[in-house]
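Below, each chain spelled out in residue letters.
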Amino acid sequence: MSAVKLDGKATAAKIKADLKNRVAALKERGVTPGLGTVLVGDDPGSQIYVAGKHRDCAEVGIASIRVDLPATAGQADVEAAIDELNASPACTGYIVQLPLPKHLDTMALLERIDPAKDADGLHPVNLGRLVHMVDAPLPCTPHGIVLLLQEYGVPIKGAEVAVVGRGITVGRSLGLLLTRRSENATVTLCHTGTQDLAAHVRRADIVVAAAGVPELIKKDMVKPGAAVLDVGVSRVAGKIAGDVALDVEDVAGYLTPNPGGVGPMTRALLLSNVVEAAERRLR
Ligand SMILES: Nc1nc(=O)c2c([nH]1)NC[C@@H]1CN(c3ccc(C(=O)N[C@@H](CCC(=O)O)C(=O)O)cc3)C=[N+]21
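All of these numbers come straight from a predicted model, not from anything done at the bench. (Residues numbered from 1 in each chain as written. Predicted model: local features only at pLDDT ≥ 70, side-chain atom pairs only at ≥ 80, totals over all residues. Heavy atoms only, no water.)

Visitor: How should the environment of Arg66 be read in this particular structure?
Guide: Structurally, Arg66 can be placed in strand β3 (residues 63–69). Along the chain, Arg66 and Ile206 lie 140 residues apart, while their C-alpha atoms are 37 Å from each other. Each residue touching Arg66, except ones within four places of it in the same chain, is listed here: Thr37, Leu39, Gln47, Val50, Ala51 and His54. Among the polar contacts made by the side chain of Arg66, one reaches the side chain of Asp68 at a distance of 3.0 Å. (Helix = DSSP H or I, 4+ residues; strand = E, 2+ residues; numbered from the N terminus. Contact = heavy atoms within 4.5 Å. Polar contact = N/O pair within 3.5 Å; in protein donor to acceptor, adjacent residues only side chain to side chain.)

And the structure:
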């Protein structure tokens, strides 16, 4: 068997086309959405991601505001950048690129972001709203995963989902999203303390690999026909390595390419959060 490709790049293009129309409508009402990024230091990977986000903005008509600070920036310097974006009417949403240099207190900085401008959907207030299932910006990667499954008609309701990785940005938040009444999946959240990972993955109709361990998910662990989503972005010898072994394609029913799968969806949903924040402002 050869798996159906869950084409994140193509699906993200559709989402961006819709956003472009919504941005045009906002501009007619006098509001231009603006995405801010705060980047501290010169990690090459982070530089590439941030540059990509600004290109995406230009594509759909979102203004972008780039704040780059040196690796030596102190807590007060980053706080000042955050305060400025919180106060700026031109910025409707922004992110602080992670990971931050180790000398900075990441949690204190993330909590300082105005929750109404939280484009990542990872502010504790917004994660709390997700727990309570009230309207708020959603975490981009989990939201992108749900939309990608829906785009290809992969049944979520009643599905057994194995999420591998309990990080806040993907695994833990995705568990919250998929167990809402509107999704109604049954989620097993696996992590490094899981006793028999293969047994959990083998039962799953949908497998989401977000552990950051190259080739963690092997062919013999996947139920034939299952949908497999690869969130891994480890760097091995300069190349992106996913969490899913290549030959999983032989047994899976659906599989994300990587690159070209979950990554482009994450970026599209970031733009979506910026546009939604601008729309909320007009309500
Ligand atoms: N505050 C914050 N928010 C983030 O959302 C965030 C972050 N910090 N820090 C780093 C991670 C990583 N991340 C990616 C998003 C898209 C691709 C992506 O689009 N990748 C392309 C390939 C790009 C390439 O080849 O390098 C693809 O999958 O097709 C990758 C990685 C967002 N992150």
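And the narrative resumes.
Visitor: Is there a simple way to think about the domain arrangement of the protein chain in this case?
Guide: In many reports, interface size means the accessible area that the parts give up when they come together. Its domain assignment divides the protein chain into domain 1 (30–115) and domain 2 (140–264). Of note, the centres of domain 1 and domain 2, computed from C-alpha atoms alone, are 28 Å apart. (Domains from an automatic or database assignment.)

Visitor: How should the site of the ligand be read in this particular structure?
Guide: Close contacts around the ligand come from Tyr49, Lys53, Val96, Gln97, Leu98, Asp120, Ile240, Pro259, Gly260, Gly263, Pro264 and Arg267, and that covers them all. Separating a nitrogen atom of the ligand from a backbone N or O atom of Leu98 is a distance of 2.7 Å. Take Gly260: an N or O atom from its main chain is 2.6 Å from an oxygen atom of the ligand. In isolation the ligand has 680 Å² of accessible area, and contact with the protein removes 77% of it. Of all elements in the fold, only α2 (44–60) and α9 (262–282) reach the threshold of two or more residues within the shell around the ligand. At three residues, the largest contribution of residues to the shell around the ligand is made by α9. Split into classes, the residues belonging to the shell around the ligand amount to six nonpolar, three polar and three charged. (Near = heavy atom within 4 Å. Areas by Shrake-Rupley, 256 points an atom, 1.4 Å probe, with all protein chains shown as cover. Nonpolar A, V, L, I, M, F, W, Y, C, P; charged D, E, K, R; others polar.)

Visitor: Which parts of the structure should I look at to understand the side chain of His54?
Guide: When you line up the elements, His54 lands in helix α2. Those residues in contact with His54, other than ones at most four positions away along the chain, are Leu35, Thr37, Ser64, Ile65 and Arg66.

Visitor: Sorry, what's going on with a nonpolar patch on the surface here?
Guide: On the surface, a cluster of nonpolar side chains totalling about 340 Å² of accessible area is made up of Ile48, Tyr49, Val233 and Ile240. Inspection of the secondary structure puts Val233 in the loop between β8 (227–230) and β9 (234–236). (Patch = residues over 30% accessible without salt bridge, like charges linked within 9 Å, V, L, I, M, F, W, Y side chains within 5 Å. Salt bridge = Lys/Arg side-chain N within 4 Å of Asp/Glu carboxyl O.)

Visitor: Looking at this model, I keep getting lost on the sheet that holds strand β1 (residues 4–5). Mind explaining?
Guide: Whether parallel or antiparallel, the strands of a sheet pair through hydrogen bonds between backbone atoms. Taking strand neighbours across the sheet as the criterion, the six strands line up as β1-β11-β8-β7-β5-β6 in an open arrangement whose pairing is parallel. The open sheet has two edge strands with one neighbour each: β1 and β6 (186–190). Inspection of the sheet shows strand β5 (residues 160–164) paired to strand β7 (residues 206–209) by four bridges, in the parallel sense. The residue bridging Val163 from the neighbouring strand is Val208, located in β7. Of the strands in this sheet, β5, β6 and β7 touch helix α7 (residues 168–178), which is tilted by about 170° from β6. (Pairing = 2+ DSSP bridges. Axes fitted to C-alpha atoms, helices over the stretch in contact; angles between N-to-C directions.)

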